[in-house]
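# A structural walkthrough
These are the residues of each chain, in order.
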Amino acid sequence: MIYADYNGSAPLLPCVKDYLKRRLETDLFANPNAIHSMGQKIYSGIEKCREVISKSVGCYPDQIFFNSGSSEGISHILFSCLEYAPKNKKIIIASGIEHAVIPSALKYYEERRGFEIKKVDVNQDGVIELESLYKLIHEFNSSIALVTIMAANNETGALQPIRDISQLCQENNILFFSDTTQLIGKGDFHFEDSGIDFAVCSGHKVGALTGSGFILAKNPTLLRSYIFGSHQERGLRGGTQNYMAIETLAVALDDFMKNKNKLPLLEEARKKFEAELKKDFLDCRIIGENAQRLAGTSLISYPGIHGQAIQIELESHNIFVTTSAACSDNQPETSHVLKEMKIEDDIGRGVIRLSLSYHQNQNDYEMILKALAQAFNKLKKIKAY
Ligand SMILES: Cc1ncc(COP(=O)(O)O)c(C=O)c1O
């Protein structure tokens, strides 16, 4: 079996599985907020995790706020920055390639809270145009409540110039939130060096338990209480902490620090795979080909063949990939990300996303190439459109 959907969800890392097996034998259970020693033990475990994670992502422990994952983290950050924005700041700058959480939240702030969204241009490779951001910042400067641009795109893997964006925002005193869900645990990231004001992480993208994650806040006083409750996470996120999941986050991100030197090998294997694919199938398109991308992400399309059909063929070889298209009743639609990149429909409807990890066997790409070649050759004959 080859699992190639790490951008969708990563399986538990082997070290996380081992940790959990041992952990479940310990009988260390309690409410971390209880004053008895069992509770305090759990509480100090959480604080230790905060410290381990802070080293892995390059921040101070008190800049980390645990939660259930990125959808919650993003909602919390937008709530803090927008509900509490000064009355004269009604402009939000966003890219059109953000994960669905962001456009759906921004729609709410636009329709119900009187904000206006200004979109930054992206190029054909799915990378935002700094010049367009520069123009927007200069046009709307004092009215801007927030700039929100992701760090790495979940469909194409394209890395965004977050260092340049944060510099531009800092120079103009504007808050910058970057959705780092796909970058943390998959690529180089150092919160302090990035200059970003807010970032997020999701446990199930990094090989930890689903339902865990955190926010990183450069200045935590800018965060507002989002889930009411007791004093958990310094009063900003009520609810008993998901401590065992938090422990797995620390184990997973610590493992990433120890293994991230394997990323160049993964990138090399991906590039070789893409080059061979293009050599054998001249019509095949790699979306975002010229962009710097996450080491193991390829978004591939063969004009006229539905992505779902390729996905099913690959699954018959025990290879698990996904399409990035929103599908209903076998009528796949080009995703909003690809539309923003002005990718034609016959390409956009045909995409499949391969997202691999540095933990995988480097030969996996060879097996995928073989299965993909068989699928293309078979499906070319019965082109869908
Ligand atoms: C870029 C990006 N942001 C946010 C999310 C949402 O994350 P979660 O599943 O933790 O809510 C995802 C998940 O697919 C993602 O890829």
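### With respect to the site of the ligand
Near the ligand, the surroundings consist of 13 residues, among which S71, D179, Q182, S202 and K205 are the closest. Measuring from an oxygen atom of the ligand, one finds a side-chain N or O atom of S71 at 2.6 Å. One of the side-chain nitrogen or oxygen atoms of T181 is found 3.3 Å away from a nitrogen atom of the ligand. In isolation the ligand has 390 Å² of accessible area, and contact with the protein removes 85% of it. Ranked by residues supplied to the shell around the ligand, first place goes to helix α3 (residues 70-83) with 3 residues. In the shell around the ligand, the residues fall into 2 nonpolar, 9 polar and 2 charged.

### Some words on helix α2 (residues 37-57)
Spanning 21 residues, α2 covers 30 Å between terminal C-alpha atoms, matching the ideal 30 Å at 1.5 Å per step. The elements touched by buried residues of α2 are α1 (14-24), β2 (64-67), α7 (191-194), β8 (213-217) and α8 (243-259). Downstream of α2 by a residue or two, G58 has a phi angle that is positive, lying close to 75°.

### What about the domain arrangement of the protein?
One can read the domain layout of the protein as domain 1 (2-9 + 261-380) and domain 2 (14-258). The centre of domain 1, based on its C-alpha atoms, is set 28 Å off from the matching centre of domain 2. The interface of domain 1 with domain 2 comprises 28 residues on the first partner and 31 residues on the second. Counting each side, the surface lost to burial between domain 1 and domain 2 is near 2,300 Å², with a carbon and sulfur contribution of 51%. Considering only the side of domain 1, the residues that lose the most area to domain 2 are L294, E340 and M341, jointly responsible for 26% of the buried surface there.

### As for helix α13 (residues 364-380)
When the terminal C-alpha atoms of α13 are compared, their 24 Å separation across 17 residues agrees well with the 24 Å that a helix rising 1.5 Å per residue should span. Among the residues of α13, D364, Y365, I368, L369, A371, L372, A375, F376 and L379 are the ones counted as buried. Residues of α13 that are buried in the fold lie against β1 (2-3), α9 (263-280), β10 (297-301), α10 (307-316), β11 (319-320) and β12 (351-355).

### Remarks on the sheet that holds β12
Strand order across the open sheet formed by 3 strands is β9-β10-β12, with antiparallel pairing between neighbours. Only two strands of the sheet have a single partner each, and these edge strands are β9 (285-287) and β12. This sheet shows a mean twist of 30° between the axes of neighbouring strands, independent of strand direction. Pairing analysis gives 3 bridges linking β9 to β10, with the strands arranged antiparallel. When the bridges of β10 are listed, I286 appears paired with I300.

### Quick notes on the sheet that holds strand β6 (residues 176-178)
Pairing is mixed across the open sheet formed by 7 strands, whose spatial order is β2-β8-β7-β6-β5-β3-β4. Every other strand in the sheet has two partners, leaving β2 and β4 (116-120) as the edge strands with one partner each. The mean angle between the axes of side-by-side strands here comes to 20°, regardless of whether they run parallel or antiparallel. Sheet strands in contact with α3 are β2, β3 (91-95), β5 (144-148), β6, β7 (198-202) and β8, and its direction is about 160° off that of β7. Against the sheet, α8 engages β2, β7 and β8, with an angle of about 70° to β8.

Calculation criteria
- Residues numbered from 1 in each chain as written.
- Predicted model: local features only at pLDDT ≥ 70, side-chain atom pairs only at ≥ 80, totals over all residues.
- Heavy atoms only, no water.
- Near = heavy atom within 4 Å.
- Polar contact = N/O pair within 3.5 Å; in protein donor to acceptor, adjacent residues only side chain to side chain.
- Areas by Shrake-Rupley, 256 points an atom, 1.4 Å probe, with all protein chains shown as cover.
- Helix = DSSP H or I, 4+ residues; strand = E, 2+ residues; numbered from the N terminus.
- Nonpolar A, V, L, I, M, F, W, Y, C, P; charged D, E, K, R; others polar.
- Expected span 1.5 Å × (residues − 1).
- Contact = heavy atoms within 4.5 Å.
- Domains from an automatic or database assignment.
- Buried area = accessible area lost by both parts, 1.4 Å probe.
- Buried < 20%, exposed > 50% of the residue type's maximum accessible area, 1.4 Å probe, protein only.
- Pairing = 2+ DSSP bridges.
- Axes fitted to C-alpha atoms, helices over the stretch in contact; angles between N-to-C directions.

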